[in-house]
Amino acid sequence: MNLDLLIFGGGIAGLWTLLRARQAGYSVLLLESRALGGVQSIASQGIIHGGTKYALTGRLSEAARAIGEMPGRWRACLEGKGELNLSPVRLLSPHQYLWSSGSLASGLAGFFGSRAMRSRAHAVPRNQLPPPFDQAEFHGALYRLDEPVLDTASLMATLVEQAGGLCSLYAPGELSFGAESVRVGDRELKPRHILLAAGAGNARLLESLGLRHPKMQRRPLHMVMAAGALPPVYAHAMEASANPRITITSHPLAGGEWVWYLGGNLAERGVDRSPAEQIRVARRELGELLPWLDLSGLKWATLKIDRAEVATPGGRRPDDAFLGREGRVLVTWPTKLAFAPRVADRVLEALSDSAPSGSPVAGLPLERAPLAPLPWEVVQWS
Ligand SMILES: Cc1cc2nc3c(=O)[nH]c(=O)nc-3n(C[C@H](O)[C@H](O)[C@H](O)COP(=O)(O)OP(=O)(O)OC[C@H]3O[C@@H](n4cnc5c(N)ncnc54)[C@H](O)[C@@H]3O)c2cc1C
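Residues numbered from 1 in each chain as written. Predicted model: local features only at pLDDT ≥ 70, side-chain atom pairs only at ≥ 80, totals over all residues.

Peer 1: Honestly, the overall build of the chain in this entry has me stumped. Any pointers?
Peer 2: In terms of helices and strands, the chain carries 13 helices and 18 strands. Taking 2.2 N^0.38 as the reference for a compact globule, 382 residues should give roughly 21 Å; the C-alpha atoms of the chain span a radius of gyration of 22 Å, in line with that estimate. Every one of the 382 residues in the chain was classed for burial, and the buried ones make up 43%. (Helix = DSSP H or I, 4+ residues; strand = E, 2+ residues; numbered from the N terminus. Rg over C-alpha atoms; globule rule 2.2 N^0.38 Å. Buried ≥ 20, exposed ≤ 12 C-beta atoms within 10 Å, placed from the backbone.)

Peer 1: Got a minute to help me understand the sheet that holds strand 13 (residues 235–237) in this structure?
Peer 2: In sheet architecture, strand pairing relies on hydrogen bonds along the backbone and comes in two forms, parallel and antiparallel. Taken in spatial order, the eight strands line up as 5-6-4-13-14-15-12-16 in an open sheet, and their pairing is mixed. Sheet topology places strand 5 (121–123) and strand 16 (299–310) at the edges, where each strand pairs with a single neighbour. Between one strand and the next, the sheet's axes are offset by a mean angle of 25°, whatever the strand orientation. Two elements, strand 4 (residues 96–100) and strand 6 (residues 141–145), share five bridges in a ladder whose sense is antiparallel. Paired with Ser 100 across the bridge in strand 6 is Ala 141. (Pairing = 2+ DSSP bridges. Axes fitted to C-alpha atoms, helices over the stretch in contact; angles between N-to-C directions.)

Peer 1: Would you mind showing me how to read helix 12 (residues 340–351) here?
Peer 2: Because an α-helix packs 3.6 residues into every turn, residues spaced three or four apart end up facing the same way. Compared with the 16 Å implied by 1.5 Å per residue over twelve residues, the 17 Å span of helix 12 between its first and last C-alpha is a close match. Where helix 12 is buried, its residues meet strand 1 (2–8), helix 1 (12–23), helix 5 (70–78), strand 11 (187–196), strand 17 (322–326) and strand 18 (329–333). (Expected span 1.5 Å × (residues − 1). Contact = placed C-beta atoms within 7 Å.)

Peer 1: I'm lost on the site of the ligand in this one. Help?
Peer 2: What surrounds the ligand is a group of 39 residues, the closest being Gly 9, Gly 11, Gly 38, Gly 199 and Gly 201. Looking at the shell around the ligand, the elements that each hand over two or more residues are helix 1, strand 2 (28–32), helix 2 (40–43), helix 9 (202–208), strand 12 (216–228) and strand 16. Among the domains, domain 1 (2–42 + 154–216 + 312–376) and domain 2 (50–150 + 218–309) are the pair contributing at least three residues each to the shell around the ligand. (Near = placed C-beta within 6 Å. Domains from an automatic or database assignment.)

Peer 1: Just checking my understanding: could you explain unusual backbone geometry for this structure?
Peer 2: Peptide bonds are trans in most cases, and residues, glycine excluded, mostly fall at negative phi. Between Pro 131 and the following residue, Pro 132, the backbone shows a cis peptide bond with an omega angle of 5°. Along the polypeptide, Pro 132 turns up in the loop between strand 5 and strand 6. Cis geometry is adopted by the peptide bond preceding Pro 214, which originates at His 213 and carries an omega value of -5°. By the element assignment, Pro 214 lies in the loop between helix 9 and strand 12.

Peer 1: Can you walk me through the packing of helix 1 against helix 12 in this structure?
Peer 2: The contact between helix 1 and helix 12 brings their axes to 9 Å, and the two run at 50°. As summarised for this structure, helix 1 and helix 12 are arranged oblique, according to the angle between their axes. Handedness of the helix 1/helix 12 crossing: right-handed. Judged by residue contacts, Ile 12, Ala 13, Trp 16, Thr 17, Arg 20 and Ala 21 of helix 1 engage Ala 340, Pro 341, Val 343, Ala 344, Val 347, Leu 348 and Leu 351 from helix 12. (Parallel < 35°, antiparallel > 145°, perpendicular 65-115°, else oblique. Left-handed = near helix turned anticlockwise from the far one by under 90°.)

Peer 1: Hey, could you run me through helix 5 in this one?
Peer 2: Taken together, the buried positions of helix 5 are occupied by Met 70, Pro 71, Trp 74, Cys 77 and Leu 78. Projection of helix 5 onto a plane perpendicular to its axis shows the buried side chains occupying an angular sector of 125°, all on one side. Positive backbone phi, at 75°, marks Gly 80, one or two positions downstream of helix 5. (Arc of directions from axis to C-beta.)

Peer 1: How should the packing of helix 1 against helix 8 (residues 152–163) be read in this particular structure?
Peer 2: Angle between the axes and distance between the axes: these two values describe a pair of packed helices. Here helix 1 crosses helix 8 at 40°, and the two axes come no closer than 10 Å. With respect to each other, helix 1 and helix 8 are oriented oblique. For the pair helix 1 and helix 8, the crossing hand works out as left-handed. On helix 8, the residues touching Leu 15, Trp 16, Leu 18 and Leu 19 of helix 1 are Leu 159, Val 160, Gln 162 and Ala 163.

Peer 1: Sorry, what's going on with the nonpolar core here?
Peer 2: Soluble, globular proteins show a tendency: their nonpolar side chains are buried together. By size, the foremost hydrophobic cluster in this structure holds 102 residues, and its most contacted members are Trp 16 and Leu 262. The biggest single contributor to this core is helix 1, with seven residues. Three or more residues apiece are contributed to this core by two domains, here domain 1 (2–42 + 154–216 + 312–376) and domain 2 (50–150 + 218–309). Apart from the residues within four sequence positions on either side, Leu 262 is in contact with Met 223, Val 224, Ile 246, Ile 248, Ala 267 and Ala 282. (Core = buried A, V, L, I, M, F, W, Y, C linked by C-beta atoms within 7 Å.)

Peer 1: Just checking my understanding: could you explain the environment of Phe 138 for this structure?
Peer 2: As for its placement among the helices and strands, Phe 138 is situated in the loop between strand 5 and strand 6. The sequence separation of Phe 138 and Ser 101 amounts to 37 residues, and the corresponding C-alpha distance is 8.3 Å. Ignoring any residue separated from it by four or fewer positions in sequence, one finds Phe 138 in contact with Leu 129 and Phe 133.

Peer 1: Is there a simple way to explain the domain arrangement of the chain in this structure?
Peer 2: Accessible area lost upon the coming together of the parts is a frequently used measure of interface size. According to the domain assignment, the chain contains domain 1 (2–42 + 154–216 + 312–376) and domain 2 (50–150 + 218–309). Computed from C-alpha atoms alone, the centre-to-centre distance between domain 1 and domain 2 is 29 Å. Tallying the contact residues gives 24 residues for domain 1 and 26 residues for domain 2. Looking at the side of domain 1 that touches domain 2, the elements that each hand over two or more residues are helix 1, helix 8 and helix 13 (375–378). Taken together, the residues of the side of domain 1 that touches domain 2 break down into twelve nonpolar, seven polar and five charged. (Nonpolar A, V, L, I, M, F, W, Y, C, P; charged D, E, K, R; others polar.)

So, in structure tokens, the structure goes:
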């Protein structure tokens, strides 16, 4: 079977690119080895960053510039007016908050008062503080960023629904690469381009293709989940470092309860802790940051998960989405969920060296890949 593009990996990068490529008239198929929705994508906090958080470090630089236009592009999709129709996706919150206490509060006021930042972040007056900040004990400052937070389950389900039968499940043991073809069991595909969008799985695929570049890095996280009678919060607790001390997103459970999903420095610095230690540190952090909050009666769990990215000097977070090219093979690590539209732009640019074949493609007669579950649906609670 001749194809314009064969994609490996059904996370945000693979699915977004599949839909954009099909829309542009290319014949495209996607192969997934486990479950659609990805590994990192379904487990992400669903924040569509616009870079404000990064600008705080003074590195307004590439990171903030590249990512600055992402919330607008996603918002257009959520309203059904963008490059993809994401109108069925559940918007958990249209904005997030940055909060700070003590000495950092005055520094933040200066920063957000500056001309460059005034349109990005809005100081929330004391009489309009949302829960859980609407307490006399809260002495910090709160800023609202108009950057949305999405429910990753409905995001991935919406993309999969639209990708229809173009995504198939396969067993990597059945895969072999020839000079111009790709064999999956007894089926032969002849793709003009191959896109590796398999997250951490790209390393193994590059090896199978005999490619030594680009190199991948993993940056591990130890996320914490607390479930129970909690108010929904989407907020970053800022401290004097590049990363928030803690980032809280909230995700609905049946019966009106919420899961608080905790990232930021808590998750980055907690990778060597046992789950029990990490939960102890999370409780202590919340106890210090929101001392009036009642944490009794909550269920707790943790998740160890790697971010897969292009390797950078010193293992820093890459500033931008990455797309590399080795002949007909394209390799991507989007760095952020928010960067998916940028990955698709670059893949379409790479494909534009020849016209879309336009040949209609039906999915392979392989099994349909299932949808990946949310982390809190499968963890062990304590
Ligand atoms: C805990 C966490 C929180 C995050 N929060 C945010 C956030 O709030 N906002 C944000 O913008 N970014 C966030 N990120 C980053 C973001 O999730 C990732 O950059 C993005 O989801 C990566 O998408 P992907 O499609 O490249 O990879 P993945 O989502 O990992 O998908 C890769 C897919 O490839 C499949 N695969 C693997 N090997 C093979 C193979 N050999 N053949 C075929 N398929 C294969 C996997 O099964 C998987 O389905 C977060 C990341 C983590 C880990």
